[in-house]
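Residue-level structural notes
Residues per chain are reported as follows:
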Amino acid sequence: MLDLKGKTALITGGGSGIGRSIAQKFAQQNAKVIIFELSEDHAAETLKDIRDAGGQAQAFACDVSNPDSVKTAVDGALSESERIDILINNAGIAHVGNAVDTSVEDFDRVYQTNVRGVYNCLHTILPHMVEAGGGVILNLASIVSLTGIPDRFAYSMSKGAVLTMTYSVATDFIGQNIRCNCICPGRVHTPFVDGFIAKNYPGKEKEMFKKLSEAQPIGRMAEPEEIANLSVYLCSDESAFVTGAAWPIDGGYMSVRL
């Protein structure tokens, strides 16, 4: 069950946080992992973890917001593997602010990475999947794709776009044996969260961590590995009947709180 042997999985932003957990989990399930990552240090750490555990992995420097960078990285990936069976659009950035205090520069920065970045990867990789006879795409959206959360204007915009791109790709390419789904996580405990708390609430780290954790009815944040577990299912043959779906993984946020 959930064996990915013989599959090549490309994970953007696979050097840290959720992306690293997904890369590690896919390698554990016998996939050949390819990481696109801006940070060479983060990529190297993930590669070491995977290889030390006996897995297969390669990494390519890539700025997903730059179409030329994506094309170069995809060419490199295809030189290592004959095909890309699975694409996971994970790379993204966050922003805190509403429609008034979000600057044009911040709005554009979030758009370029979270929206254009997903488009660039889809635009470049989908033709290869079509030529190869099929594939699976998994996009990392967010619970903010489905509901409003205070002070997440630009981030919500970008993840709403990821959700609708998911629906569009699933519709347009179902005849080419390509499935496309997205995951909508609630708050996930990553180094970004710890850094955000430390920067914005110095001296109140424990208090704010507790408050952010309890925003989920289940009483805690998700762990990156839990997102990775769902990712494996949605990219495996066991989910062959699943496409065009948005999967909340939010500790009850969308249902229990309502």
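Above this text is the structure in question.
We now turn to the structure provided with this report. Everything quoted here is computed from the prediction, not taken from an experiment.

1. Considerations on the pairing of strand β2 (residues 32-37)
Taken across its 6 residues, β2 has 6 buried, putting it largely inside the fold. Direction of pairing for strand β1 (residues 8-12) relative to β2: parallel, over a ladder of 5 bridges. Note on β2: the bridge partner recorded for I11 is I35. A crossover connection joins β1 to the parallel β2 through helix α1 (residues 17-28); in handedness this β-α-β unit is right-handed. For β2 and strand β3 (residues 56-61), the ladder comprises 6 bridges, and the chain directions are parallel. Among the inter-strand pairings, K32 is bridged to a residue of β3, identified as Q56. The parallel pair β2 and β3, bridged by helix α2 (residues 40-52), forms a crossover whose chirality is right-handed.

2. Some details on the sheet that holds β2
With respect to topology, 7 strands assemble into an open sheet ordered β3-β2-β1-β4-β5-β6-β7, the strand pairing being parallel. The open sheet has two edge strands with one neighbour each: β3 and β7 (246-249). Neighbour-to-neighbour, the strand axes of this sheet turn through a mean angle of 20°, independent of strand direction. By the bridge criterion, 4 bridges tie strand β4 (residues 86-89) to strand β5 (residues 135-140) in an arrangement that is parallel. Directly across from N89, in β5, lies its bridge partner N139.

3. Observations regarding the environment of V169
Following the sequence through the fold, V169 ends up in helix α5 (residues 153-173). On the basis of relative accessible area, V169 is assigned to the buried category, the value being 9%. Contact partners of V169, with chain neighbours within four places excluded, come to L122, L126, I137 and C180.

4. A look at the side chain of S21
Inspection of the secondary structure puts S21 in helix α1. Given a relative accessible area of 15%, S21 falls into the buried group.

5. Considering the pattern of salt bridges
This model, assessed by the stated rule, comprises 8 salt bridges. Notably, a salt bridge pairs E225 with K25, separated by 3.0 Å at the nearest N-O pair. Separated by 200 residues along the polypeptide, E225 in helix α8 (residues 224-235) and K25 in helix α1 bring together distant segments of the chain. Residue R220 is joined to E226 by a salt bridge in which the shortest nitrogen-to-oxygen separation is 2.8 Å.

6. A short note on the nonpolar core
The biggest cluster of nonpolar side chains holds 32 residues, and the ones touching the most others in it are L10, F36, L87, L122, I125, M129 and I137. Only β2, α3 (67-80), α4 (104-132), α5 and β6 (178-185) provide two or more residues apiece to this core. In terms of residue count, the dominant contributor to this core is α4 (7 residues).

Conventions and cut-offs
Residues numbered from 1 in each chain as written. Predicted model: local features only at pLDDT ≥ 70, side-chain atom pairs only at ≥ 80, totals over all residues. Heavy atoms only, no water. Buried < 20%, exposed > 50% of the residue type's maximum accessible area, 1.4 Å probe, protein only. Helix = DSSP H or I, 4+ residues; strand = E, 2+ residues; numbered from the N terminus. Pairing = 2+ DSSP bridges. Right-handed = clockwise from strand over helix to strand, strands pointing away. Axes fitted to C-alpha atoms, helices over the stretch in contact; angles between N-to-C directions. Contact = heavy atoms within 4.5 Å. Salt bridge = Lys/Arg side-chain N within 4 Å of Asp/Glu carboxyl O. Core = buried A, V, L, I, M, F, W, Y, C linked by side-chain atoms within 4.5 Å.

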